[in-house]
Amino acid sequence: MPHDHHGDCGSHADHDHDHDGDDVGPNDNLYPYIDRPNVVALNATAPGSNVIKPWHERRDEAVFLESDTDEQLIIRVPFNGSVKLRTLLLKTGPGDQTADKVLLYANAPSLDFSDAQDSTPTQEFEVPVSPDVCEYPVKAAKFSSLSSVTIFIPSNRGADTTKIFYVGFLGLWTQRKENPVITVYEAQANLADHEKIQGTDGNFNTTQS
């Protein structure tokens, strides 16, 4: 499976881009294109949308997502359009609650824990222990036409639960092309194509008496 050793922490993902105070983040930040109401977290104590934050809140630790019965977490993230993903951004921890690794699945919107055990991830990363937002560059060819991405965290550094503070994405968004609706209009009614009306034997008379 595609595997990378670790993310890049303490890089530009964890520094302000706009020095005027209106920190909207990099131009390829995909936050506006995430379908936040439909983000789903499995085995979590809070909604998955808790960790889908705007850029200026990426370091905030007041709102987070924590696993419930054990250390495993699944987060399904749908997009409002077609996405070419470049980078996953992740802030997890602290300490033993830090995810040990993160597995990404492209266009697997219904993935659950049993599926994850039997499926090969599109890409896998080891996660370092860090208080920063870490960057995980993905293989663009594997994530070039996304409608959703699913994150599976199978383990942590030894704690009973895993904690996530921020999930973000960098990449290119385009409007999804909808299939055109084709309507067939009947130019002239053909009685042979329709059911007969009882009592007429298929013969119609429009003459008024």
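All of these numbers come straight from a predicted model, not from anything done at the bench.

Engineer: How would you explain the overall build of the chain if you had to name every residue and give the values?
Structural biologist: Along its length, the chain carries one helix and ten strands. In the chain, buried positions account for 43% of the 209 residues. Within the chain, counting contacts between residues at least 6 apart in sequence, those at least 24 apart form 81% of the total. As displayed, the chain offers around 11900 Å² of accessible surface, 47% of which is attributable to carbon and sulfur atoms.

Engineer: Explain the packing of aromatic side chains residue by residue, including any values.
Structural biologist: Per the counting criterion, the structure on display carries five aromatic pairs. On the basis of an interplanar angle of 10° and a centroid distance of 4.4 Å, the ring pair of Tyr-33 and Trp-173 is categorised as stacked. Within this pair, whereas Tyr-33 is found in the loop between strand 2 (8–9) and strand 3 (40–42), its partner Trp-173 is found in strand 10 (residues 163–174), the two being separated by 140 residues in sequence. Tyr-33 gets classed as partly exposed once you look at its relative accessible area, which sits at 29%.

Engineer: With reference to specific residues and values, describe the nonpolar core.
Structural biologist: Counting 30 residues, the largest nonpolar core has Leu-104, Ile-151, Val-167 and Phe-169 as its most contacted members. Counting residues per element, the ones that place at least two in this core are strand 5 (73–92), strand 6 (101–106), strand 8 (134–137), strand 9 (146–153) and strand 10. Here the element with the most residues in this core is strand 5; it accounts for eight residues. If you look at the next biggest cluster of nonpolar residues, it comprises eight residues, including Leu-42, Leu-103, Ala-108 and Leu-111.

Engineer: Before we move on, can you summarise the confidence of the model for the chain with the specific residues and values?
Structural biologist: Per-residue confidence for the chain gives a mean pLDDT of 84; residues scoring 70 or more make up 74%. Counted against residues more than four places away or in other chains, residues 193–197, with its pLDDT under 50, gives five contacts. Considering only residues more than four positions removed or in separate chains, one finds that residues 202–209, a stretch of pLDDT under 50, has four contacts.

Engineer: Any details on the pairing of strand 6? Residues and values, ideally.
Structural biologist: As paired strands, strand 6 and strand 7 (residues 123–126) are joined by four bridges and run antiparallel to one another. Along strand 7, the bridge assignment pairs Leu-104 with Gln-123.

Engineer: If you had to explain the side chain of Lys-91 to someone new, which residues and values would you point to?
Structural biologist: You can see Lys-91 is positioned in strand 5. Not counting residues up to four positions away in its chain, the partners in contact with Lys-91 are Arg-58, Arg-59, Glu-61, Pro-131, Asp-132, Val-133, Ile-164, Phe-165 and Tyr-166.

Engineer: Describe the environment of Arg-76, and please don't skip the residues or the numbers.
Structural biologist: For Arg-76, the location among the structural elements is in strand 5. Judged by relative accessible area, which is 17%, Arg-76 ranks as buried. Remark: the alpha-carbon pair of Arg-76 and Val-39, spanning 37 residues in sequence, is separated by 5.7 Å. Not counting the four nearest positions on each side in its chain, Arg-76 is found in contact with Asn-38, Val-39, Val-40, Leu-42, Pro-109, Ser-110, Leu-111, Asp-112, Val-149 and Thr-150. Of note is the side chain of Arg-76, whose polar atom sits 3.5 Å from the backbone oxygen of Pro-109. Of note is the side chain of Arg-76, whose polar atom sits 2.9 Å from the backbone oxygen of Leu-111.

Engineer: A description of the environment of Val-40 should follow, citing residues and the corresponding values.
Structural biologist: By secondary structure assignment, the location of Val-40 is in strand 3. Here Val-40 is in contact with Ile-74, Ile-75 and Arg-76, once residues within four sequence places are set aside.

Engineer: Before we move on, could you go through the pattern of salt bridges and cite the residues and values that matter?
Structural biologist: The full count for this structure, using the stated rule, is five salt bridges. Between Asp-28 and Arg-86 there is a salt bridge; the shortest N-O distance is 2.7 Å. Linking Asp-28 in the loop between strand 2 and strand 3 with Arg-86 in strand 5, this pair joins segments that are 58 residues apart in sequence. Here Lys-91 and Glu-61 are joined by a salt bridge, their closest N and O atoms 3.0 Å apart. Here Lys-91 is found in strand 5, whereas its partner Glu-61 is found in the loop between strand 3 and strand 4 (65–66), with 30 residues between them in sequence. In this structure Glu-61 comes out as partly exposed when scored by relative accessible area, which is 43%.

Reading guide: rules and limits
Residues numbered from 1 in each chain as written. Predicted model: local features only at pLDDT ≥ 70, side-chain atom pairs only at ≥ 80, totals over all residues. Heavy atoms only, no water. Helix = DSSP H or I, 4+ residues; strand = E, 2+ residues; numbered from the N terminus. Buried < 20%, exposed > 50% of the residue type's maximum accessible area, 1.4 Å probe, protein only. Contact = heavy atoms within 4.5 Å. Areas by Shrake-Rupley, 256 points an atom, 1.4 Å probe, with all protein chains shown as cover. Phe/Tyr/Trp six-rings, centres within 6.5 Å; stacked < 30°, edge-to-face > 60°. Core = buried A, V, L, I, M, F, W, Y, C linked by side-chain atoms within 4.5 Å. pLDDT = per-residue confidence, 0-100. Pairing = 2+ DSSP bridges. Polar contact = N/O pair within 3.5 Å; in protein donor to acceptor, adjacent residues only side chain to side chain. Salt bridge = Lys/Arg side-chain N within 4 Å of Asp/Glu carboxyl O.

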